[in-house]
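Structural characterization, general
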Amino acid sequence: MSKNETLRQAALFYHEHPKPGKLEIRATKPMANGRDLSRAYSPGVAEACLEIKDNPANAARYTSRANLVAVVTNGTAVLGLGNIGGLASKPVMEGKAVLFKKFANIDCFDIELDEPDPEKLADIVCAMEPTFGAINLEDIKAPDCFIVEKICRERMNIPVFHDDQHGTAIVVGAAAKNALHVVGKAFEDIKIVSTGGGAAGIACLNMLLKLGVQRKNIWLCDIHGLVYEGRAEDMNPEKAAFAQPSDLRTLDDVIGGADMFLGLSGPNVLKPEMVAKMTKQPIIFALANPNPEILPELARDVAPDAVIATGRSDFPNQVNNVLCFPFIFRGALDVGATEINDEMQLACIDGIAELARATTSAEAAAAYSGEQLTFGADYLIPKPFDPRLVGVVSSSVAKAAMDSGVATRQIDDLEAYKEKLNQTVFKSALLMRPVFDSARAASRRIVFCEGEDERVLRAAQAVLEETTETPILIGRPDVVEQRCERLGLNIRPGDNFELVNPENDPRYYDYWSSYHQVMQRRGVTPDLAKAIMRTNTTAIGAIMVYQNHADSLICGTFGEYLWHLNYVNQVLGTEDLRPHGALSLMILEDGPLFIADTQVHQYPAPENLAEIAIGAARHVRRFGLEPKIAFCSKSQFGNLQEGSGKRLRDAIALLDSEPRDFVYEGEMNVDTALDPDLRQRIYPNSRLQGAANVLVFGEADAASGVRNILKHRAGGLEVGPILMGLGNKAHIVSPSITARGLLNVAAIAGTPVAQYG
């Protein structure tokens, strides 16, 4: 098959399997028995109905309406496909609904209507107001879309947003704002030439007016040439608003001296010779899809300094509506806005633009590996997978709605609201809050042993922004400096963090001699100590903690866990401090689950297992949770005499020998630990109530296997591993850890051990 046919078949397979379409409906309440049924439907449902009848605002409390958007189309202007009708447009609308859910956790119904008449279409949409908290109009041809939106906005008391118009205009506005920042110009001074008089083009021009562009400086062209005063052909009121009193007639006539070209028309409309007539550092937004008005390479042949955006993902600066619509709806829904007004749209523009000028997020960098994500001519707007968008943009929109008087509900603490939004993206945020709060009360020095790693550099930036900790990195200065520059980070060694250069550090003699002193009776000669302190960054970090040049170390972004543990334990292990086990927090859809020991002991002895349980209980409380520990094995409450079950029973006997302040039980199967009803049938006298939240295994292979299955098949997010027993002086992560994961481990390391026992 040809490449195009291969892509076509892959797309069709994606839409058909494992089940047709891209959406499904799931219940949010249990429906397991007659009691659930009586509350969900008759007679219990009547109570919610009566509450809403008495006060319509209660619909936001008792139904999903406040988080439900309708994506509505009649299929008359779908993508680049034209008038394909409502049914054929359904894959697009389903996709739009998926984007709402993915990026802003908004539920959607896609509604495709077989109604070409704009006034009748508006009547149908208006009749749906009781069902939805907002309406997203999509892919309706111009000028019908203007009519539909106008009627709906006038008659409905919920936000109505035509994304093809206003979504495009918002993202264009943000990109234009930053493009002018790059070239050093202002909206009020620039000349704009635009092609395309459709819904998106007109909306973009109206938005540019709101941003400060002077109407006299906007020259609009369409398929018939310049829109000028007195022209009768293919005119409507929206175009007429931009008619120029001029004898000029073509795009080539008016392009001279233009600071910005805005294209929402068709392929190859803008010729290289036209670009040559524009000003120095021209701004070219060639947004036609799939083929732009001019290809970037052709524009740069005549204007190498041009700042260019397109609608395509294979060029820099893709103007993509997904940067806008999920987040503007999120903010509008959360304050019960009655409309999406100019103030909210301008706030959205500001939020998007400011985010691009900030440091790039690690998550966006991971999603767009290999791309240069540093603010400038090739990075004017954030990437859609930047997880900060929902917090920054939605909170800005919500504030604007409240300030402009269209909100029916108030958010008293916008910072808390923003943090809550971030928790929907960063699954660890809510559980990590107590740990971060404790870490902020201290000011510990954390040494990152693999300081040249991109994830470590991004984590160091985040540590400086979000904690009171002091990061110390081990790495070569020229490499670290270059990578900070390439990654768009605004931190630099010496200015923002201490850098230990393993090739040339003034403390080298002190470090190798100290390491030799520790290891001289374990076969380490002076020459070997010198070599290790030049090449082994984990050993260097351990010596720094040993000498109190740092409070804790983090290592393990590459290499095998036990290799790192060997050097950490050599230097930092004492009679009182020794590795007890590795504890991983798995954040799952239905709550947190801790797994131990995943790394340290292959076959932990009963004494090890008891220490693991004690350490796990202590660490679980750091997250604001009460530990409920289950010892897990193939054996179940003594039914097998050999294997791990015996060691687990002996561990429980050790724990029973003294009073404990946490609940533990075992040995048992994993399903017995997690299912209280099953456990009640098997062992009615269990001291464990409810589901366990800590699983302690008798073998590392079992613990590690469960941990990896939860990560890769249950969508679990790992925090850790947390190294227990070394007094919080060291933590060894896994090579799969992310920059956000490193930040979480740094927060764990950032709390003095005395604060949690």
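Residues numbered from 1 in each chain as written. Predicted model: local features only at pLDDT ≥ 70, side-chain atom pairs only at ≥ 80, totals over all residues. Heavy atoms only, no water.

1. Things to note about the overall build of the protein
So the rule is basically this: Under the scheme used here, helices are H or I runs from DSSP no shorter than 4 residues and strands are E runs no shorter than 2 residues, and both carry numbers assigned from the N terminus. For every residue, the accessible area obtained with a 1.4 Å probe (protein chains only) is divided by the maximum for its type, and the residue is called buried under 20%, exposed over 50%, and partly exposed between those limits. We call two residues in contact when some of their heavy atoms are within 4.5 Å. Note on areas: Shrake-Rupley with a 1.4 Å probe; residue coverage comes only from the protein chains shown. The charge count treats Lys and Arg as positive and Asp and Glu as negative. His and the chain ends do not count. Charge placement uses NZ in Lys and CZ in Arg. For Asp and Glu, CG and CD serve respectively.
Looking only at helices and strands, the protein features 32 helices and 21 strands. When its C-alpha atoms are laid out on the principal axes, the protein stretches across 95 × 75 × 55 Å. Taking all 757 residues of the protein together, 53% fall into the buried category. Here the contacts in the protein between residues at least 6 apart in sequence split such that 70% fall between residues at least 24 apart. Summed over all atoms, the accessible surface of the protein reaches about 33400 Å², with 52% contributed by carbon and sulfur. Positive and negative side-chain charges in the protein, numbering 76 and 96 respectively, have mean positions lying 3 Å apart.

2. Focus: the sheet that holds strand β4 (residues 160-162)
Hydrogen bonds along the backbone pair up the strands of a sheet, which may run parallel or antiparallel. Note the cut-off: A pair of strands is considered paired only if DSSP assigns at least 2 bridges between the two. Helix axes are fitted only over the stretch in contact, all axes being lines through C-alpha atoms; the angle between N-to-C directions runs from 0 to 180 degrees.
On the basis of which strands lie adjacent, the open sheet formed by four strands has the order β2-β1-β3-β4 and parallel pairing. Of all the strands in the sheet, just β2 (107-112) and β4 have a single pairing partner and so form its edges. The sheet shows a mean angle of 20 degrees between the axes of neighbouring strands, direction not considered. Pairing geometry for strand β1 (residues 68-73) and strand β3 (residues 134-137), over four bridges, is parallel.

3. Re the packing of helix α25 (residues 537-546) against helix α26 (residues 561-572)
Put simply, the rule is: Under this scheme an angle from 65 to 115 degrees is roughly perpendicular, one under 35 degrees roughly parallel, and one over 145 degrees roughly antiparallel; angles in between are oblique. Whether a crossing is left-handed or right-handed is set by the direction in which the near helix is turned from the far one by less than a right angle, anticlockwise for left-handed and clockwise for right-handed. All residues other than Ala, Val, Leu, Ile, Met, Phe, Trp, Tyr, Cys, Pro, Asp, Glu, Lys and Arg, Gly among them, are scored as polar; the first ten of these are nonpolar and the last four charged.
Interaxial distance between α25 and α26 falls to 9 Å at its minimum, and their mutual angle equals 25 degrees. The angle between α25 and α26 falls in the class roughly parallel. As α25 packs across α26, the resulting crossing turns out to be right-handed. Listed contacts from α26 to Thr538, Ala539, Ala542, Ile543, Val545 and Tyr546 of α25 are Trp563, His564, Tyr567, Val568, Val571 and Leu572. Residues belonging to the contact of α25 with α26 are distributed by class as follows: 10 nonpolar, two polar and no charged.

4. Thoughts on the sheet that holds strand β17 (residues 628-632)
If you walk across this open sheet you meet the six strands as β18-β17-β19-β16-β15-β20, and the pairing is mixed. Every interior strand has two partners, whereas the edge strands, β18 (663-668) and β20 (717-724), have only one. Averaged over all adjacent pairs, the angle separating strand axes in this sheet is 20 degrees, with direction ignored. Its contacts with the sheet put helix α28 (residues 644-656) on β17, β18 and β19 (694-697), and the angle it makes with β18 is roughly 160 degrees.

5. Comments concerning a nonpolar patch on the surface
What counts here: Patch definition: residues above 30% relative accessible area lacking any salt bridge, with like charges linked at up to 9 Å and the nonpolar side chains Val, Leu, Ile, Met, Phe, Trp and Tyr linked at up to 5 Å. The working definition used for a salt bridge is a side-chain nitrogen of Lys or Arg within 4 Å of a carboxyl oxygen of Asp or Glu.
On the surface, a cluster of nonpolar side chains totalling about 420 Å² of accessible area is made up of Met31, Leu37, Tyr41 and Val45. Structurally, Val45 is set in helix α3 (residues 45-54).

6. A look at the pattern of salt bridges
What the rule picks out here adds up to 43 salt bridges. Measuring nitrogen to oxygen at the nearest pair gives 2.8 Å for the salt bridge that ties Asp107 to Lys101. Lys101 gets classed as partly exposed once you look at its relative accessible area, which sits at 39%. A single network of salt bridges, built from pairs that share partners, joins Asp222, Arg231, Asp234 and Lys239.

7. Some thoughts on the pairing of strand β12 (residues 470-474)
In plain terms, the rule: The handedness rule is simple: strands pointing away from the viewer, and a clockwise path from the first strand over the helix to the second, make the crossover right-handed.
Taking burial as the measure, the five residues of β12 include four buried ones, the bulk of the element. Examined bridge by bridge, strand β11 (residues 445-448) and β12 share four bridges and lie parallel to one another. Bridging across to β12, Arg445 finds its partner in Thr470. Considered for its hand, the β-α-β crossover made up of β11, helix α21 (residues 454-466) and β12 is right-handed. In the sheet, β12 pairs with strand β13 (residues 498-500) via three bridges, with the strands oriented parallel. Within the sheet, the bridge partner assigned to Ile474 lies in β13 and is Val500. What joins β12 to β13 is helix α22 (residues 477-486), and the crossover it makes is right-handed.

8. Regarding unusual backbone geometry
One can expect most non-glycine residues to show negative phi and most peptide bonds to be in trans. Geometrically, the link from Ala596 to Asp597 is a cis peptide bond, its omega value of -15 degrees lying close to zero. On the secondary structure map, Asp597 appears in the loop between β16 (591-596) and α27 (606-622). The residue after Gly720, namely Pro721, is reached through a cis peptide bond having omega 0 degrees. Here Pro721 lies in strand β20. A positive phi angle, near 50 degrees, is found at Phe637, a position not held by glycine. Among the secondary structure elements, Phe637 is positioned in the loop between β17 and α28. Accessibility expressed as a relative area gives 21% for Phe637, which makes it partly exposed. The backbone of Asn728 shows a phi angle near 65 degrees, a positive value even though the residue is not glycine.

9. Points about the nonpolar core
As a reminder of what qualifies: The nonpolar core is taken to be a set of buried Ala, Val, Leu, Ile, Met, Phe, Trp, Tyr and Cys residues, with the residues joined through side-chain atoms within 4.5 Å.
Ile135, Leu262, Phe285 and Phe329 are the most contacted members of the largest nonpolar core, which has 104 residues in total. Filtering out sequence-adjacent residues up to four positions away, Leu262 remains in contact with Val172, Ile192, Val193, Ser194, Thr195, Cys204, Leu205, Leu208, Phe285 and Leu287. Phe448, Leu473, Val696 and Ile722 belong to the second-largest nonpolar core, a separate cluster that totals 56 residues.

10. Notes on the side chain of Glu469
Tracing the chain through its elements places Glu469 in the loop between α21 and β12. The charged side chain of Glu469 is buried without a salt bridge, its nearest counter-charge being Arg444 at 6.8 Å. The contact partners of Glu469, leaving out residues within four places of it in the chain, are Ala439, Arg444, Ile446, Val463, Leu464, Ala746, Ala747 and Gly750.

11. Some remarks on the environment of Gly494
The residue Gly494 is located in the loop between α22 and β13 in this model. With 17 residues separating them along the chain, Gly494 and Pro477 place their C-alpha atoms 9.5 Å apart.

12. Remarks on the packing of helix α9 (residues 163-183) against helix α10 (residues 199-210)
Running from N to C, α9 and α10 cross one another at 45 degrees; their axes reach a closest spacing of 8 Å. The orientation of α9 with respect to α10, classified from their angle, is oblique. The way α9 lies across α10 gives a crossing that is right-handed. Contact residues: α9 offers Asp164, Gln165, His166, Thr168, Ala169, Ile170, Val172 and Ala176, while α10 offers Ala199, Ala200, Ala203, Cys204, Met207 and Leu208. Grouping the constituent residues of the contact of α9 with α10 by class yields 10 nonpolar, three polar and one charged.

13. Observations regarding the packing of aromatic side chains
Using the following cut-off: Classification of ring pairs uses Phe, Tyr and Trp, with its six-membered ring standing for Trp, and accepts pairs whose centres are within 6.5 Å; under 30 degrees between planes counts as stacked, over 60 as edge-to-face, and the remaining range as tilted. For a Lys NZ or an Arg CZ to count as sitting over a ring, it must be within 6 Å of the ring centre and within 35 degrees of the ring normal.
Overall, the coordinates contain nine aromatic pairs when judged by the stated rule. One aromatic cluster is present, formed by Phe100, Phe161, Phe325 and Phe329 through successive ring pairs. The ring centre of Trp512 lies 4.8 Å from the NZ or CZ of Lys530, which sits over that ring. Over the aromatic face of Tyr508 sits the side chain of Arg534, whose NZ or CZ is 3.6 Å from the ring centroid.

14. Topic: α28
Basically, it comes down to this: Expected span, for any helix, means 1.5 Å times one less than how many residues it has. Arc definition: it is the arc formed by the directions from the helix axis to the C-beta atoms.
With 13 residues, α28 should reach 18 Å at 1.5 Å per residue; the first-to-last C-alpha distance of 18 Å fits that figure. Turning to α28, its buried residues are Ser644, Gly645, Arg647, Leu648, Ala651, Ile652 and Leu655. Relative to the axis of α28, the buried residues are bounded by an arc of 160 degrees and lie together on one face. Buried residues in α28 make contact with α27, β17, β18 and β19.

15. Focus on the environment of Ile223
Within the secondary structure, Ile223 is located in the loop between β6 (218-222) and β7 (225-226). Residue classification places Ile223 among the exposed positions, given a relative accessible area of 78%. A sequence separation of 187 residues divides Ile223 from Asp36, and the C-alpha atoms of the two residues are 61 Å apart.

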